[in-house]
Every structure is written in C-alpha cells, then in structure tokens.
Amino acid sequence: MMTRILWLLLLVSGMVGSGEAWAQDPASQLKPTYAEVTYGPYPRNVLDFWQAEGAGPRPVMVYIHGGGWTAGDKKQNTDKYRPFLEKGISCAAINYRLTPDNPLPAPVHDAARAIQFLRSKASEWNIDGDHLAVTGGSAGACTSMWLLLHDDLADPDSKDEVLRQSTRVCAAAAYAGQVSIDPKVVEEWLGPNVLKHRMINMAVGELTIEGALKNYDKYRDLYVEFSPYNHVDAKDPPLFLRYTEEMTLPSRDAGHGIHHPVFGIKLKERSDEIGHECHLLIPGHSRSEKYESETAFLIAKLLGQ
C-alpha cells in the first residue's frame, strides 16, 4: 500500500514524467535478449535489447524514458515493443545520467552514445545501422528530437570504437516533448508557470529557477544547444509529434506548461517554413494526413515504407 501511495504522489508531483509506468505484471514482461548491457563508463549507461527475427539485419526502435531528465527508468510496460517485434524491428530501451547531479550535456550525450553503441554491435546483434529511430515522452521526447535534428557527433579519429559511430537516426516520434528548454523562450511562449517545472533549472545543475535566471548568461549556450528547435533544417529526417494537453494559454501550472502543445506548434511551423517533414497530432486541433500514431509512423520509417 505504501508503495502505491508513494507512486501516486510521485505521479502527481511530476517526478515520474509523462512516460508510462511499469504497470504490467512482471511475469508478462517481454524478456530482453540482452539485459543491463553497459554502453558507457557511468553506472546509468545501461540498456536492454530485444532482438527481432527476420532475414538480414533488422532496424531498431530505441526508447528513451521521460522524467524531466531528473528521474525515470528504462523499465517500462513492454507491450509497447510488441508491434515492432512483430514487424521484425528490434527494440532497445536506455537509461542515462540524471540532472541536477549530472547537468547537460550528460543526459543527452549519454543517449547519443547509446545510439553509437548500438551501431557498434551491428554485426553481433544483427542491426541495420541505417535504420535506427528514437522515441520517448517528455524529456525522452526532447532528447529524441535533439538526436534527430542535431549534426552528427561521430568522431572518426577517436580511439574509442563507439565514438567513431554516427549519432544520426532515421526518424523520431516524440510525445509531449519540449522543443526549447531556454527559460526566456519558453516563458514568452507559455507564460510564467512553465518556469516552475524543475526540468528547466535542473537541466543546468541549478536547484531553483531563481538561480538559473540569475546565472542565465552562464547557461545560455547550454539552453541554446539543447533546444531542438534551434537545430531543425530541411535535410533532417522525418519527425512525428503528439500532444494531448489542452491548448489554454498561459499554461495553468508547471506540468501543463512543460508538456504544452505550443511546443509542437512552434516546431511544426518552423519545419513547414523550411521544408522539413514534420507530422503534428493534437486531438481536435492538428492531425497527420499519413500517420495515426507514433507506432505507425515509426514502423513505416524503419521499414523504409
């Protein structure tokens, strides 16, 4: 009972983020082909991998959990992986370092290294390195968008085989994600309540938003760099965005603000302006002509349809 009460408190406070809880009966969870595999030098640099059957190398869908970069875990309801595995698409789920103890770039660069690690295992795990896609909710969505839109971080001269691999992905599907984490930008878009969410200040290691704003000039480059909106161009791979929060402005509270549909509207406007493929689903307000869900979009892109 106490565990259930604690979980509800965390959910209400936003500590869990918008990702799914591991609510499935553990006995019915899909067992990973490889579990708790280390992909980097830090304790939270671990991933699980479900290998799909099929002729030839298989595409991979990579799940990045939410939680404001401050909480969360890769252990989720594995039912979300079944549609992909049934189509011959392998799946992976990653953990990464958390803020504020590990501020940016830690959480996002960890995810990038996980992509590189998967590519380094292409032969051993039967992976099609040209067809890796990412998905996640909230902070996991922000990271997914950043990976999709950012330039390649591969270092061909690195002594580390993993770092020589590409960080680019072929598609991303994002749910309730932040396209900017710059406090001055998001306050202008959404009103002051969005700044009450811990993600904004803890991303840069500040325990309060007052500290983040006081030292804004110190952190400005980080806020600019890790806001996906600043990286989109016409050559980027396709993106699917979904939001379910109400459209009311200004945002009514921290949780509403940090997951607000205006984030998606802003990125969709930018993508349309420059000719980048971006699908935006907001029930009652915006729809995709081609894809009804993140899953349908990702399966199509991973299978080259």
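Coordinates for the structure precede this section.
Residues numbered from 1 in each chain as written. Predicted model: local features only at pLDDT ≥ 70, side-chain atom pairs only at ≥ 80, totals over all residues. Heavy atoms only, no water.

Draft legend 1. Representation of the sheet that holds strand β6 (residues 171-175) in the model. Within the open sheet, the eight strands sit side by side as β1-β2-β4-β3-β5-β6-β7-β8. Their pairing is mixed. The sheet is open, and its two edges are formed by β1 (34-38) and β8 (278-281), each paired on a single side. For this sheet, the mean angle separating the axes of adjacent strands, direction not counted, is 20°. Bridge count between β6 and strand β7 (residues 239-242): four bridges; the pairing is parallel. (Pairing = 2+ DSSP bridges. Helix = DSSP H or I, 4+ residues; strand = E, 2+ residues; numbered from the N terminus. Axes fitted to C-alpha atoms, helices over the stretch in contact; angles between N-to-C directions.)

Draft legend 2. Inspection of the packing of helix α3 (residues 106-120) against helix α5 (residues 139-149) at higher detail. Where α3 contacts α5, the two axes come as close as 10 Å, and the packing angle between them is 60°. By the angle class used here, α3 and α5 are oblique. Relative to α5, α3 is oriented so that their crossing is right-handed. Residues Val108, His109, Ala111, Ala112 and Ile115 of α3 form the contact with α5, whose own contacting residues are Thr143, Trp146 and Leu147. Looking at side-chain class alone, the contact of α3 with α5 contains six nonpolar, two polar and no charged residues. (Parallel < 35°, antiparallel > 145°, perpendicular 65-115°, else oblique. Left-handed = near helix turned anticlockwise from the far one by under 90°. Contact = heavy atoms within 4.5 Å. Nonpolar A, V, L, I, M, F, W, Y, C, P; charged D, E, K, R; others polar.)

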